[in-house]
Amino acid sequence: MNMTDVAKRGLVLLGCGKMGSAMLEGWLRTGLPPTSVWVIDPNPSDWLKEQGVAIGGEIPPNPAVAIIAVKPQMMSDALPDVKSLGNGKTLVISVAAGTALGTFEAVLGPNTPIVRAMPNTPASIGRGITAIIGNAMVQDDHLDLSEALLLSVGDVVRLDTEDQMDAVTAISGSGPAYVFHLIESLAAAGMAQGLSAELSMQLAKATVAGAGDLAEQSDENPAQLRTNVTSPNGTTQAALEVLMDAKTGFPHLLRRAVAAAANRSRELANG
């Protein structure tokens, strides 16, 4: 199964909010014909209406893939729309946070090939990272197709087991919020040192974004990049002695934060 099959048999997109729109924009940009796409969304955006895709109405009987991109709390209302595709040759991909493979199998049937995916919000600008895991019915070609579709919004990694998804959720799924809070806190610290709110925020945003790009593009690891900025007994070292404190610094704080997020993910998965 590949993108040619998708163009021929069709793709059903259930939910076209920010994530769904970002994916659809990527697929259309890379050559998927609009006439091969069926979107089910109760409130289609003006942008969606202009794309030439089918909105609502009858979905094809045997599409290559159905992608579930609704919010988790809307899942029970949305799943009946694709129940008819279960136990067939349609690959079902879910990008709904916190919904286990077993939940979909219970509705769609155990013989349905299902891939669970966890993207993050930078996917909306094509800079996301998505983790995927398939159920027992998923073959290598299903994973290849899932990866090809999700590469439209950023990088893709494959997990070995579904229970890894809780840790992934805590790192990359929730992680953008930690970085946004870092930007907020850095800007507030700049204001405390006498800079204006506007200048502090500009410096904080550009610093975090630039450092992230450098970490991603450099051949050196983040520890070495940190060392490169740190002159002996200089300003950076003074700051790092606070941030790297074993009891009160980043390492201890982030370990606690990530553990809290992962534990909450497990609780939600278990109802």
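Structural data are supplied above this passage.
If you're wondering where the values come from, they're calculated on a predicted model, not measured in any experiment.

Rules used in this analysis
Counting restarts for each chain, with residues numbered from 1 along the sequence as it is written. For this predicted model, a pLDDT threshold of at least 70 governs which residues receive local features, and a threshold of 80 or more governs which side-chain atom pairs are given and counted, while totals over whole chains, interfaces and linings are taken from all residues. Hydrogens and water are ignored here; the side-chain numbers use all heavy atoms of the structure. Per the convention used, a helix needs a DSSP run of H or I reaching at least four residues, while a strand needs a run of E reaching at least two, with both numbered from the N terminus. Here the term buried applies to any residue with accessible area under 20% of the maximum for its type, exposed to any over 50%, and partly exposed to those in between, with areas from a 1.4 Å probe on protein chains only. When checking whether two residues touch, look at their non-hydrogen atoms; a contact exists if any pair is within 4.5 Å. Strands were regarded as paired on the criterion that DSSP finds at least two bridges between them. Summarising the geometry, the arc corresponds to the directions from the helix axis toward the C-beta atoms. In plain words, nonpolar cores are sets of buried Ala, Val, Leu, Ile, Met, Phe, Trp, Tyr and Cys residues tied together by side-chain atoms within 4.5 Å. To count toward a patch, a residue needs a relative accessible area above 30% and no salt bridge. Like charges then connect within 9 Å, nonpolar side chains (Val, Leu, Ile, Met, Phe, Trp, Tyr) within 5 Å. Each accessible area value is a Shrake-Rupley result obtained with a 1.4 Å probe; residue values ignore everything except the protein chains displayed when judging cover. Here, a salt bridge means any Lys or Arg side-chain nitrogen found within 4 Å of an Asp or Glu carboxyl oxygen. Fitted lines through C-alpha atoms give the axes, limited to the stretch in contact for helices. The angle between two N-to-C directions lies from 0 to 180 degrees. What sets the label is the angle itself: under 35 degrees gives roughly parallel, over 145 gives roughly antiparallel, 65 to 115 gives roughly perpendicular, and the rest give oblique. We call a crossing left-handed when the near helix sits turned anticlockwise from the far one by less than a right angle, and right-handed when that turn is clockwise. Amino acid classes used here: Ala, Val, Leu, Ile, Met, Phe, Trp, Tyr, Cys and Pro are nonpolar; Asp, Glu, Lys and Arg are charged; the rest, including Gly, are polar. Under the rule applied, a polar contact is a pair of N or O atoms within 3.5 Å (in protein, one hydrogen donor and one hydrogen acceptor; residues adjacent in sequence only if both atoms are side-chain atoms).

Helix and strand counts for the protein come out as twelve helices and eight strands. Taken along its principal axes, the extent of the C-alpha atoms in the protein is 70 × 40 × 35 Å. Expressed as a percentage of its 271 residues, the buried residues of the protein come to 37%. A fraction of 60% describes how many contacts in the protein between residues 6 or more apart in sequence connect residues 24 or more apart.

Here the focus is the pairing of strand E4 (residues 65-68). Neither face of E4 is left uncovered, since the one carrying Val65 and Ile67 and the one carrying Ala66 and Ile68 both have all their residues buried. With four bridges connecting them, strand E1 (residues 11-14) and E4 associate as parallel partners. Residue leucine 14 lies in a different strand from E4, and its bridge partner there is isoleucine 68. Sheet analysis places E4 next to strand E5 (residues 91-94), joined by four bridges and oriented parallel. Looking across to E5, one finds that isoleucine 67 is bridged to isoleucine 93.

A word on the pairing of E5. What you see with E5 is no split at all: Leu91 and Ile93 on one side and Val92 and Ser94 on the other are buried throughout. As judged from the three bridges shared by E5 and strand E6 (residues 114-118), these two strands associate in the parallel manner. Across the sheet, valine 92 pairs through a bridge with isoleucine 114, a residue of E6.

Time to look at helix H6 (residues 140-150). Buried residues of H6: His142, Leu143, Leu145, Ser146, Leu149 and Leu150, and no others. Along the long axis of H6, the arc covered by the buried residues comes to 160°, so they all point the same way.

This paragraph deals with unusual backbone geometry. The phi dihedral of asparagine 87 is positive, around 55°, even though this residue is not glycine. Assignment of secondary structure puts asparagine 87 in the loop between helix H4 (75-78) and E5. If you check the backbone angles, asparagine 233 has positive phi at about 60° while not being a glycine. Residue position: asparagine 233 is located in the loop between helix H10 (222-229) and helix H11 (235-243). Taking the relative accessible area as the measure of exposure, asparagine 233 reaches 72% and is therefore exposed.

What follows is about the nonpolar core. Leu11, Leu13, Met23, Leu24, Trp27 and Ile67 are the most contacted members of the largest nonpolar core, which has 32 residues in total. For this core, the elements supplying multiple residues, two or more each, are E1, helix H2 (18-29), strand E2 (37-40), E4, E5, E6 and H6. In contact with isoleucine 67, not counting residues within four places along its chain, are Leu11, Val12, Leu13, Leu14, Met23, Trp27, Ile93 and Leu149. Among the nonpolar cores identified, the runner-up in size contains 24 residues, and Leu14, Val70, Leu85 and Leu108 belong to it.

Further remarks concern a nonpolar patch on the surface. Among the surface-exposed residues, Leu182, Leu243, Met244, Phe250, Leu253 and Leu254 lie close enough to one another that they form a single nonpolar patch of about 500 Å² accessible area. The element that contributes the greatest number of residues to the nonpolar patch is helix H12 (residues 250-269), accounting for three residues.

Attention shifts here to the packing of helix H8 (residues 175-192) against helix H9 (residues 197-217). Where H8 meets H9, the closest approach of the two axes is 8 Å, and the angle between their N-to-C directions is 140°. In this view, H8 runs oblique relative to H9, as classed from their interaxial angle. As for the relative orientation of H8 and H9, their crossing is right-handed in sense. Contact with H8, carried on its side by Val179, Leu182, Ile183, Leu186, Ala187, Gly190 and Met191, involves Ala197, Ser200, Met201, Ala204, Lys205 and Val208 of H9 and no other residues of that element. Among the residues making up the contact of H8 with H9, the classes are represented as ten nonpolar, two polar and one charged.

Within the fold, arginine 116 resides in strand E6. Side chain to side chain, arginine 116 and glutamate 162 meet in a polar contact 2.8 Å long. Beyond its immediate stretch of four places on either side in the chain, arginine 116 contacts Ser94, Gly98, Thr99, Ala100, Leu101, Ala131, Ile132, Ile133, Glu162 and Met165.

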